[in-house]
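Here is how the chains run, residue by residue.
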Amino acid sequence: MILSRRVNTYGQDLLRRYGERIHKIALDVGMTCPNRDGSKGSGGCTFCNNDSFSPNGHTPPTLHEQLASGRRAISRGTGATKFIAYFQAYTNTYAGIGRLRALYGETLAEPDVVGLAIGTRPDCVPAAVLDLLVEFRADGLEVVLELGLQSAFDETLRRVNRGHGLAEYEATTRAARQRGIPVCAHLIVGLPGEDESHYHTTLDTVLDIGVDGLKLHPLHVVKHTMLAHEWRKGEYRPLAREDYIRIAADLIERTPAQVVYHRVTGTAPKDILLAPDWAAQKWGVLNGIERELRQRNSHQGQRAGNPCGLRPEHRRL
């Protein structure tokens, strides 16, 4: 089963443009978040335990060590010889421009690193950061700004203590794309209080604003989070695996073919994952999405341009 036959995946997009396999190495540079350090809030998002996407925890090795470790693991499995440095853990634009220039520059000094993917919040990307990314792109480097929107509904974002709204995402996305910086939006399927109409409207909204890439994630319940308390009390129930697969296929069908899917599912380490248990099974979910699209005789873009809802400001949860 090959998902890229039906979905415009980032791996295949890089292969077309570079003529060889290029893989991302996830990095943790010890950043924090304004929604955790008191600048905008404390405790972070209700679903956030950073260990779910930061295997190095809170005392990360040096950048050189992380790159070396990631390089070895990826090369063994894929034979890739070029990489993108993925600043993943927490908010990777939440620092002074001098520190960011040094961190990004340190990874780009590695001869096999061809670019950067910067994961961050849409309310933490000032003009100086965009200008820095433009400098790297002017040198011919791959640069993608990954913005964690999660939902286009402000009421949902308040409910999960996100600390920003749709307006910040829209402003940052437009500013980045006006400078020629590609934007990849992160969207979560299964947030509390949302149903399929919300997921479709969020996708419509992101496409209407303009976007270059997408990541879909099922919501995980992980240890040491407010969401875990809600789940234990029966106040939150995760999506079933087959429901997620069906919804993901629906969203893929409605996404224009030129938008690149960087991810269509997400996993969490088994030692912190509470629910759903299928969220630890990446390949089972990927194969399920491919199978669903194949059974429909469908592909990305099959139903693009057929919006099913209004923008969030015109809807009520």
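Calculation rules
- Residues numbered from 1 in each chain as written.
- Predicted model: local features only at pLDDT ≥ 70, side-chain atom pairs only at ≥ 80, totals over all residues.
- Heavy atoms only, no water.
- Core = buried A, V, L, I, M, F, W, Y, C linked by side-chain atoms within 4.5 Å.
- Buried < 20%, exposed > 50% of the residue type's maximum accessible area, 1.4 Å probe, protein only.
- Helix = DSSP H or I, 4+ residues; strand = E, 2+ residues; numbered from the N terminus.
- Contact = heavy atoms within 4.5 Å.
- Axes fitted to C-alpha atoms, helices over the stretch in contact; angles between N-to-C directions.
- Parallel < 35°, antiparallel > 145°, perpendicular 65-115°, else oblique.
- Left-handed = near helix turned anticlockwise from the far one by under 90°.
- Nonpolar A, V, L, I, M, F, W, Y, C, P; charged D, E, K, R; others polar.
- Salt bridge = Lys/Arg side-chain N within 4 Å of Asp/Glu carboxyl O.
- Pairing = 2+ DSSP bridges.
- Right-handed = clockwise from strand over helix to strand, strands pointing away.

Participant: Report on the nonpolar core, specifying residues and quantitative values.
Facilitator: Counting 69 residues, the largest nonpolar core has Phe87, Tyr104, Leu133, Leu145, Tyr169, Leu214 and Ile289 as its most contacted members. The element that contributes the greatest number of residues to this core is helix α9 (residues 241-253), accounting for seven residues. With near-sequence residues (within four places) excluded, Tyr104 lies in contact with Phe87, Asn92, Thr93, Leu116, Ile118, Leu132, Leu133 and Phe136. Counting twelve residues, the second largest nonpolar core, distinct from the first, contains Cys45, Cys48, Leu191 and Leu227.

Participant: Please give an account of the packing of helix α2 (residues 63-78) against helix α3 (residues 97-108) that cites residues and values.
Facilitator: Where α2 meets α3, the closest approach of the two axes is 10 Å, and the angle between their N-to-C directions is 40°. Of the possible angle classes, the one that applies to α2 and α3 is oblique. The way α2 lies across α3 gives a crossing that is right-handed. Here Leu63, His64 and Leu67 of α2 lie close against α3, whose contacting residues are Leu103, Glu106 and Thr107. Grouping the constituent residues of the contact of α2 with α3 by class yields three nonpolar, two polar and one charged.

Participant: Describe the packing of helix α6 (residues 166-178) against helix α7 (residues 196-209), and please don't skip the residues or the numbers.
Facilitator: The geometry of α6 relative to α7 is characterised by a closest axis approach of 10 Å and an angle of 35° between their N-to-C directions. As for how α6 packs across α7, the hand of that crossing is right-handed. The residues of α7 that touch α6, namely those facing Leu166, Tyr169, Glu170, Thr173, Arg174 and Arg177, are Thr205, Val206, Asp208 and Ile209. Split into classes, the residues belonging to the contact of α6 with α7 amount to four nonpolar, two polar and four charged.

Participant: Kindly report on the pattern of salt bridges, identifying the contributing residues and their values.
Facilitator: Inspection of the entire model under this criterion finds 25 salt bridges. In this structure, Asp250 and Arg296 form a salt bridge, with 2.8 Å as the shortest nitrogen-oxygen distance. Of this pair, Asp250 sits in helix α9 while Arg296 sits in the segment after α10 (282-295), placing them 46 residues apart in sequence. Here Asp250 falls in the buried class, since its relative accessible area comes to 12%. Among the ionic contacts, a cluster of salt bridges with common partners joins Asp250, Glu253, Glu292, Arg296 and Arg303.

Participant: So, the pairing of strand β5 (residues 183-189): which residues are in play, and what are the values?
Facilitator: Where burial is concerned, most of β5 is hidden: seven out of the seven residues are buried. Of the two faces of β5, the one lined by Val183, Ala185, Leu187 and Val189 and the one lined by Cys184, His186 and Ile188 are each fully buried. With five bridges connecting them, strand β4 (residues 142-150) and β5 associate as parallel partners. Looking at the pairing, Glu146 lines up with Cys184 of β5. Here six bridges tie β5 to strand β6 (residues 213-218), and the two strands are oriented parallel to one another. What sits directly across from Ala185, in β6, is Leu214. Taken together, β5, α7 and β6 constitute a β-α-β crossover, and its handedness is right-handed.

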